[in-house]
Amino acid sequence: MNDYSKQNGSTNNPRGVQGGGSVFPRGFLWGAGSSSYQIEGAVNVDGRGPSVWDTLCTRSGAIVGGHTGDVACDHYHRFRDDVALMKSMGLKSYRFSIAWPRIQPDGVGPANTKGVDFYRRLTDCLLEAGIRPFVTLYHWDMPQALQNRGGWLNRESVHWFSEYTRHVVTALSDRVTDWITINEPQIYINLGHNQAKHAPGLAMSLREQLLATHHTLMAHGASVMAIRGLAKKPSHVGWAPVGRVDFPVDPGSPECVAAARANTFAVDNLGHWNNTWFGDPVIFGHYPEDGLKYYGAAVPKIEPGDMELMKQPLDFYGVNIYSGAPVRLGANGKAEAVAHAPGHARNALSWPITPECLYWGPKFLYERYQLPIVITENGMTNLDSPDVDGVVRDPQRIDYTRRHLLALHRAIADGVPVNGYFHWSIMDNFEWAEGYKDRFGMIYVDFVTQERKLKESAHWYREVIATNGATLAPAGAAAPTSAAKV
Ligand code: IFM
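Bear in mind the structure is a predicted one, so any value in this text is a computation, not a measurement.

Caption draft 1: View of the packing of aromatic side chains. Within the structure shown, the criterion is met by 42 aromatic pairs. Ring pairing ties together the aromatic residues Trp-239, Phe-265, Phe-284, Tyr-317, Tyr-359, Trp-360, Phe-364 and Tyr-369, which thus form one cluster. A cation sits over an aromatic face here: Arg-368 above Phe-265, 4.7 Å from the ring centre.

Caption draft 2: View of the pairing of strand 5 (residues 236-240). Counting buried positions over the five residues of strand 5 gives five, a clear majority of the element. Residues His-236, Gly-238 and Ala-240 of strand 5 are buried on one face, and the alternating residues Val-237 and Trp-239, pointing to the opposite face, are buried as well. In terms of strand pairing, strand 4 (residues 178-183) meets strand 5 through four bridges, oriented parallel. By the bridge assignment, Ile-180 is partnered in strand 5 with Gly-238.

Caption draft 3: Summary view of the pairing of strand 4. Within strand 4, six of the six residues are buried, leaving the element largely enclosed by the surrounding structure. When strand 3 (residues 132-138) meets strand 4, the two strands line up parallel, connected through four bridges. Of the residues in strand 4, the one forming a bridge with Phe-134 is Asp-178.

Caption draft 4: View of the site of the ligand. Around the ligand sit Gln-38, His-139, Trp-140, Asn-183, Glu-184, Tyr-322, Trp-351, Glu-377, Trp-424, Glu-431, Trp-432 and Phe-440, and those are all the residues in its vicinity. Here an oxygen atom of the ligand and a side-chain polar atom of Gln-38 are 2.7 Å apart. Glu-184 places a side-chain nitrogen or oxygen 2.8 Å from a nitrogen atom of the ligand. For the ligand, whose unbound accessible area comes to 280 Å², protein coverage reaches 94%.

Caption draft 5: Main features of the packing of helix 8 (residues 157-172) against helix 10 (residues 206-230). At a minimum axis separation of 8 Å, helix 8 and helix 10 run at an interaxial angle of 30°. Classed by the angle they form, the pair helix 8 and helix 10 counts as roughly parallel. As for how helix 8 packs across helix 10, the hand of that crossing is right-handed. Facing Ser-157, Val-158, Phe-161, Ser-162, Thr-165, Arg-166, Val-169 and Thr-170 of helix 8, the residues of helix 10 in contact are His-215, Met-218, Ala-219, Ala-222, Ser-223, Ala-226, Ile-227 and Leu-230.

Caption draft 6: Inspection of the nonpolar core at higher detail. With 129 residues, the main nonpolar core has Trp-53, Leu-408 and Tyr-461 as its most contacted residues. Listed in part, the seven residues of the second largest apolar core include Leu-29, Ile-180, Phe-316 and Val-374.

Caption draft 7: Representation of the packing of helix 9 (residues 185-193) against helix 10 within the structure. For the pair helix 9 and helix 10, interaxial distance at closest approach is 10 Å and the crossing angle is 150°. Comparing the axis directions of helix 9 and helix 10 gives the class roughly antiparallel. As for how helix 9 packs across helix 10, the hand of that crossing is right-handed. On helix 10, the residues that touch Pro-185, Tyr-188, Ile-189 and His-193 of helix 9 are Gln-209, Ala-212, Thr-213 and Thr-216.

Caption draft 8: Quick peek at the pattern of salt bridges. In the structure shown here, the tally under the stated rule is 29 salt bridges. Here Asp-315 and Arg-228 are joined by a salt bridge, their closest N and O atoms 3.1 Å apart. Note that Asp-315 is positioned in the loop between helix 14 (306-310) and strand 7 (317-320) and Arg-228 in helix 10, a separation of 87 residues in sequence. Taking the relative accessible area as the measure of exposure, Asp-315 reaches 13% and is therefore buried. One salt bridge connects Asp-428 with Lys-455, and the closest N-O pair in it is separated by 2.7 Å. One end of the pair, Asp-428, is in the loop between strand 11 (418-424) and strand 12 (443-445); the other, Lys-455, is in the loop between strand 13 (452-454) and helix 17 (456-466), with 27 residues separating them in the sequence. Neither Asp-428 nor Lys-455 differs from the other in exposure class; each is buried. Salt bridges sharing common partners tie together Asp-384, Asp-394, Arg-397, Asp-428, Arg-439 and Lys-455.

What counts as what
- Residues numbered from 1 in each chain as written.
- Predicted model: local features only at pLDDT ≥ 70, side-chain atom pairs only at ≥ 80, totals over all residues.
- Heavy atoms only, no water.
- Phe/Tyr/Trp six-rings, centres within 6.5 Å; stacked < 30°, edge-to-face > 60°.
- Lys NZ or Arg CZ within 6 Å of the ring centre and 35° of its normal.
- Buried < 20%, exposed > 50% of the residue type's maximum accessible area, 1.4 Å probe, protein only.
- Helix = DSSP H or I, 4+ residues; strand = E, 2+ residues; numbered from the N terminus.
- Pairing = 2+ DSSP bridges.
- Near = heavy atom within 4 Å.
- Polar contact = N/O pair within 3.5 Å; in protein donor to acceptor, adjacent residues only side chain to side chain.
- Areas by Shrake-Rupley, 256 points an atom, 1.4 Å probe, with all protein chains shown as cover.
- Axes fitted to C-alpha atoms, helices over the stretch in contact; angles between N-to-C directions.
- Parallel < 35°, antiparallel > 145°, perpendicular 65-115°, else oblique.
- Left-handed = near helix turned anticlockwise from the far one by under 90°.
- Contact = heavy atoms within 4.5 Å.
- Core = buried A, V, L, I, M, F, W, Y, C linked by side-chain atoms within 4.5 Å.
- Salt bridge = Lys/Arg side-chain N within 4 Å of Asp/Glu carboxyl O.

Scope: geometric values only; no functional claims are made or implied.
This is the structure we're talking about:
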């Protein structure tokens with residue numbers, strides 16, 4: 001099991017927290033994240049092939065405002081300036097993804113040297129700035145050529161993804177030691193293969209959705225094996241599913257906590273909004289019993305060796321958590337949803353703001369999977385724009401992040417090993433079907449001029465990082481959440 005605090009020379013502290021207040025463990029990885037299609041632009045440059053997202057963006061009505069990722073933040077050309085901004089924020093780590101169609105324009109075959117070189121330049125620049133690169137191999141931009149052959153529906157996808165991983169690891173593992181295989185499979189299966197809102201824009205049968213999931217999970221395993229086999233330096237490998245978190249409104253009641261935990265790990269909806277259909281195969285090597293019953297005849301045929309391939313040892317359990325759902329104990333002893341009070345705080349996409357999720361999510365996941373946790377995404381979209389004096393004030397984002405980090409700190413203090421936190425996102429970017437309407441960044445991007453500006457949250461985060469969290473909880477501050485310790 002990886003323990004970042006040891007690498008940074010800290011003592012063995014079972015709780016990991018040094019001192020009191022809101023100070024985080026020494027060596028805690030304070031980061032921020034992005035993904036290739038959301039920021040890079042330069043879609044036709046240096047031999048990059050088209051991805052499923054390039055294709056979806058040409059479909060009329062698919063993306064708000066008809067926006068595309070053609071230019072996005074033009075990070076491909078401006079990455080040095082962007083890394084300089086990250087450095088000015090004091091980031092310890094930066095999570096970004098590799099665009100598969102830059103490495104293999106057609107999805108198979110030899111690596112495209114120019115594509116590989118871009119990521120070499122980027123990682124070198126990060127390392128020179130003292131920022132640790134955290135690389136995601138797949139953040140949804142499958143080469144269109146592979147989609148034409150069935151994409152994740154094709155069992156060959158396992159082999160394709162393994163070959164792609166080998167190219168990337170061969171090229172970058174002399175400088176990259178932290179790897180995430182796949183980001184949020186729940187989302188591209190549901191929104192991409194069920195609801196047709198994300199690429200590849202399909203509405204398939206449940207059976208096909210589960211087949212695409214099955215191959216995804218096998219591809220994850222094959223990718224882990226490739227990293228372990230080829231990495232030139234000791235590596236830390238994980239993945240980044242999205243976490244459904246149901247949290248107890250009565251944390252003092254063990255029954256309510258148990259009911260919330262059971263819901264968090266249930267497979268009970270057709271939107272793939274669950275942890276265990278994805279997490280159990282990867283960690284335990286089998287699908288969860290309730291899911292097998294729930295999906296019934298739609299469950300794909302499992303070939304010998306499939307489940308073994310999915311279950312590869314991981315160093316951390318990465319998870320993206322933005323929001324959770326409050327539950328109470330129902331009369332039948334099971335969890336019952338609790339409605340938010342009228343006017344409950346929400347982000348600009350109307351997602352309820354529930355800091356409790358960053359206490360209960362890591363806690364439940366650690367209890368179940370027994371791996372150190374990395375929060376690979378957490379953040380909020382907000383209606384940001386420069387004030388008349390040019391300053392971008394985003395107090396809601398500061399408050400959101402403060403509350404969530406305080407909740408995370410409580411989880412750590414209660415014994416959950418959490419190695420890092422990656423704020424989503426480092427900069428405003430292409431928010432998929434929402435186009436550029438939604439701003440998740442700590443860095444404001446003017447999408448007309450490409451001017452960047454640190455928002456107030458970026459300055460605030462700099463202080464949090466510099467003090468290792470000490471400035472999160474000023475003396476006398478109100479409790480961050482309604483949840484108490486179990
Ligand atoms: O922007 C996305 C990201 O690509 C995946 N996780 C959720 C973010 C906000 O919607």
